[in-house]
Amino acid sequence: MDGAGLDLGDPQGQPAGCRQRLQVAAGPLFTRPKPRATFADLVCGLLGEVARKNSWQLAEHAGHGTARPIEHLLDGAKWDADALRIAFGT
């Protein structure tokens, strides 16, 4: 999977189809579906027009009631960071 060819939409606004595309592209990196969905929410928030890019603001933008899903992704979820770097070419 080559990240250079991954079209996430318009980075200036809410990327069109961003969440669905990221879930498909990053699917193999996660062992469970919930962290996969939260990852997509996080990246779409970072690319979108969220004024302050902190866990609360990103969670609110994604429609989560608390920041815990974003925080769990970053501090406790099982996912393969090395595979992510390889998949997206960073």
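What counts, and at which threshold
- Residues numbered from 1 in each chain as written.
- Predicted model: local features only at pLDDT ≥ 70, side-chain atom pairs only at ≥ 80, totals over all residues.
- Heavy atoms only, no water.
- Axes fitted to C-alpha atoms, helices over the stretch in contact; angles between N-to-C directions.
- Helix = DSSP H or I, 4+ residues; strand = E, 2+ residues; numbered from the N terminus.
- Parallel < 35°, antiparallel > 145°, perpendicular 65-115°, else oblique.
- Contact = heavy atoms within 4.5 Å.
- Nonpolar A, V, L, I, M, F, W, Y, C, P; charged D, E, K, R; others polar.
- Salt bridge = Lys/Arg side-chain N within 4 Å of Asp/Glu carboxyl O.
- Buried < 20%, exposed > 50% of the residue type's maximum accessible area, 1.4 Å probe, protein only.
- Arc of directions from axis to C-beta.

1. Observations concerning the packing of helix α2 (residues 33–47) against helix α4 (residues 68–75)
Following both chains from N to C, one finds α2 and α4 inclined at 105°, their axes separated by 9 Å at the closest point. When the interaxial angle is binned, α2 and α4 end up roughly perpendicular. Side by side, α2 and α4 meet where Pro35, Thr38, Phe39 and Leu42 of the first sit next to Pro69, Ile70, Leu73 and Leu74 of the second. Looking at side-chain class alone, the contact of α2 with α4 contains seven nonpolar, one polar and no charged residues.

2. Regarding the pattern of salt bridges
Overall, the coordinates contain three salt bridges when judged by the stated rule. For Arg19, the salt bridge goes to Asp41, with nearest N and O atoms at 2.5 Å. On the criterion of sequence distance, the pair formed by Arg19 in helix α1 (residues 18–25) and Asp41 in helix α2 is long-range, its members being 22 residues apart. With a relative accessible area of 33%, Arg19 lands in the partly exposed category. Between Arg68 and Asp75 there is a salt bridge, with the nearest N and O atoms lying 3.7 Å from each other. Using a relative accessible area of 56% as the deciding quantity, one classes Asp75 as exposed.

3. Some details on α1
Among all positions in α1, only Cys18, Leu22 and Ala25 are buried. The arc enclosing the buried residues of α1, seen along the axis, measures out at 65°, which places them on a common side. Structural note: α1 exposes Gln20 and Val24 on the side pointing more than 90 degrees away from its buried face. Against α2 lie the buried residues of α1.

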